[in-house]
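The primary structure of each chain is shown beneath.
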Amino acid sequence: MRVTDDITYIGVNDHEIDLFEGQYEVPNGMAYNSYVIADEMPAVIDSVEAKFGSEWLGNLAAALDGRAPEYLVVQHMEPDHSSNIVRFMDAYPTAKVVASAKAFEMMANFYGDAYEDRRIVVKEGDELNLGRHTLRFIAAPMVHWPEVIFTYDEPDGVLFSADAFGKFGALDVQEDWACEARRYYFGIVGKFGKQVSAVLGKVAALDVRAICPLHGPVLSEDLDYYVGLYKTWSSYDVESEGVAIAYCSVYGNTKEAVELLESELLAAGCPKVAVSDLARDDMAEAVEDAFRYGTLVLVSTTYNGDMFPFMKEFIDHLADHAYQNRKVAFMENGSWAPVAARAMRAKIEGCKGIEFIDPVVTIKSSLSDESRAAVKQLAAALVG
């Protein structure tokens, strides 16, 4: 796939994977992206996951039509992007590897070699001339590892953005970009919003005409849309109007209360209600919805004098990814000593900028006239 006249995509699709990073469901697989710049001194941008090394090297050889690359630029050291460094350096014994100082430390740890005699260490603002093309390096620490660099190509205006602007899903599957990019961002990058905002500020000064991430498609049209979403996500602003509801239910009575709240919200004009059953639905999608919408309702049965275990895990995920600047409400169920709401509030109070919405709805075993009225009252408060 051509990105520009001189830049070719040489990545691979993985449909064998079931869980990305051991936890994220990827029913449509993953893409591991790599690119080659054909110039007087050809340069390769990143490698791919270990088991696709032969396919990747074949793609590289075909793209260069027998020419040997001069450089391998390593932007990010996670093994899904770096695990073919050794194989590349063995295949091309005159090539040099280009990376940040921190990346070379990691290279030695991962693969036992930091290539002291065949390396170029780069930092913020450094440049590498390939002939027609000049690569400018942009430090992007903690987006989402400390060694990360972006690479800006002149004169084509291509930004190689490491894991930023990536998404779940292989490239031979058609799916909505924002949905899987959002789930990817908040699951993997979301904790580091400050660092993402900082690198976006650097990128804003560049004439970017295409973005080449390490996962997902090349972005070459309507770049303001993609950059705008990243600005929203990294600043923890509300992306869409609506309410997210995350719940746990044992015998169905708490679920019934959630369904009542959903119907009351929609009837009151709420534009969107996103409901997640934390025991059954993808946890990463529930986290995604919590960040997407401005209001979150946490609903749990009382369990062992606490909230239900899946709810505890969910709030841990939110806190771990810097959940903030949202409205939060609670519903609880308990047959004799309901305490879930108090436990949920205590756990989420550590998040910044949380506004708590009353009333707290308490259900004793099953819905009653009193608790139904409280659900309706809560719905009115959430859309008011």
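Residue positions are given per chain, counted from 1 along the sequence in the order it is written. Only residues with pLDDT of at least 70 are given local features in this predicted model, and only at 80 or more are side-chain atom pairs given and counted; all residues enter the totals for whole chains, interfaces and linings. Computation of side-chain values: all heavy atoms of the structure, hydrogens and water removed.

## Considering the pattern of salt bridges
What counts here: The rule for a salt bridge is simple: a side-chain nitrogen of Lys or Arg has to be within 4 Å of a carboxyl oxygen of Asp or Glu. Here a helix means four or more residues in a row that DSSP labels H or I, a strand means two or more in a row labelled E, and each is numbered from the N terminus. For the exposure calls, accessible area comes from a 1.4 Å probe over protein chains only, and a residue counts as buried if that area is under 20% of its type's maximum, exposed if over 50%, partly exposed in between.
Considering all chains together, one arrives at 19 salt bridges under this definition. For Glu154, the salt bridge identified is with Arg136, shortest N-O distance 2.3 Å. Of the two residues, Glu154 sits in strand S13 (residues 149-154) while Arg136 sits in strand S12 (residues 134-139), which places them 18 residues apart along the sequence. Looking at Glu154, the relative accessible area reads 26%, which means it is partly exposed. Since its relative accessible area comes to 25%, Arg136 is described here as partly exposed. The salt bridge partner of Arg182 is Glu239, with a shortest N-O separation of 2.7 Å. Of this pair, Arg182 sits in helix H5 (residues 177-189) while Glu239 sits in the loop between helix H7 (223-234) and strand S16 (240-247), placing them 57 residues apart in sequence. Taken together, the shared-partner salt bridges in this structure form one network comprising Asp6, Arg132 and Asp156.

## Concerning the sheet that holds strand S7 (residues 43-45)
Basically, it comes down to this: A strand pair is defined by DSSP finding two or more bridges across the two strands. For helices, the fitted axis covers only the stretch in contact; all axes are lines through C-alpha atoms, and the angles between them, taken along N-to-C directions, range from 0 to 180 degrees. In what follows, a contact means two residues having at least one pair of non-hydrogen atoms within 4.5 Å.
Pairing is mixed across the open sheet formed by 6 strands, whose spatial order is S1-S6-S7-S8-S9-S10. On the outer flanks of this sheet lie strand S1 (7-9) and strand S10 (119-121), each paired with one strand and no other. Across this sheet, the average inter-strand angle for adjacent strands is 20°, counted without regard to direction. Summarising the sheet, S7 and strand S8 (residues 71-73) pair through 3 bridges and their orientation is parallel. Paired with Ile45 across the bridge in S8 is Val73. Strands in contact with helix H1 (residues 53-64) are S1, strand S6 (35-37) and S7; relative to S6, the strand with the most contacts, it is inclined by about 25°. Helix H4 (residues 101-111) contacts strand S9 (96-99) and S10 of the sheet and is inclined by roughly 120° relative to S9.

## Some points on a negative patch on the surface
Spelled out, the test is: For patch detection, residues must exceed 30% relative accessible area and be free of salt bridges, and they are connected within 9 Å for like charges or within 5 Å for nonpolar side chains (Val, Leu, Ile, Met, Phe, Trp, Tyr). Only the protein chains shown count as covering a residue, and every accessible area follows the Shrake-Rupley method with a 1.4 Å probe. All tallies of charge rest on Lys and Arg as positive and Asp and Glu as negative; His and the ends of each chain are not included. Charged groups are reduced to one reference atom each: NZ for lysine, CZ for arginine, CG for aspartic acid, CD for glutamic acid.
Together, Asp18, Glu25, Asp281 and Glu285 make up a negatively charged patch on the protein surface. Secondary-structure assignment places Asp281 in the loop between strand S17 (273-277) and helix H9 (283-292).

## Digging into the packing of aromatic side chains
Worth spelling out the cut-off: Side-chain rings of Phe, Tyr and Trp, where Trp is taken by its six-membered ring, are said to pair if the distance between their centres is within 6.5 Å; with planes under 30 degrees apart they count as stacked, over 60 as edge-to-face, and otherwise as tilted. Counted as over-ring charges are cases with an Arg CZ or a Lys NZ within 6 Å of the ring centre that also lie within 35 degrees of the ring normal.
Enumeration over the complete set of coordinates arrives at 26 aromatic pairs. Within the aromatic cluster, the residues linked to one another by ring pairs are Phe165, Trp177, Tyr185, Phe186, Tyr225, Tyr226, Tyr230, Trp233, Tyr236, Phe291 and Tyr323. The positively charged end of Arg119 is found above the aromatic ring belonging to Phe104, 4.8 Å away from the centroid. Looking at Arg345, its charged tip hangs above the ring of Phe356, at a distance of 4.0 Å from the centre.

## Observations concerning the pairing of S16
To be explicit about the condition: Place the viewer so that the strands point away; then a crossover is right-handed whenever the path from the first strand over the helix to the second strand goes clockwise.
With 7 of 8 residues buried, S16 lies mostly within the body of the structure. Note that S16 and strand S18 (residues 293-303) share 6 bridges and pair parallel. In the strand pairing of S18, Ile245 is matched with Val297. As paired strands, S16 and S17 are joined by 5 bridges and run parallel to one another. Paired with Ala246 across the bridge in S17 is Ser276. With helix H8 (residues 253-267) bridging S16 and its parallel neighbour S17, the resulting β-α-β unit is right-handed.

## Section: unusual backbone geometry
Omega for the peptide link from Val143 to His144 comes to 0°, which places this bond in the cis form. As for its position among the elements, His144 is in the loop between S12 and S13. Note that the residue after Asp358, namely Pro359, is joined by a cis bond; omega there is 5°. Its location among the elements puts Pro359 in the loop between strand S21 (355-356) and strand S22 (361-363). Positive phi, normally seen in glycine, also occurs at Ala162, with a value near 50°.

## Remarks on the sheet that holds strand S15 (residues 210-212)
Reading across from one edge, S11-S12-S13-S14-S15 is the order of the 5 strands in this open sheet, with mixed pairing throughout. Whereas interior strands pair on both sides, the edge strands pair on one side only; in this sheet they are strand S11 (127-129) and S15. Direction aside, neighbouring strands of the sheet carry axes that sit 20° apart on average. Examined bridge by bridge, strand S14 (residues 158-160) and S15 share 3 bridges and lie parallel to one another. Bridging across to S15, Leu159 finds its partner in Ile211. On the sheet, helix H6 (residues 193-203) packs against S12, S13 and S14 and is oriented at approximately 150° with respect to S12.

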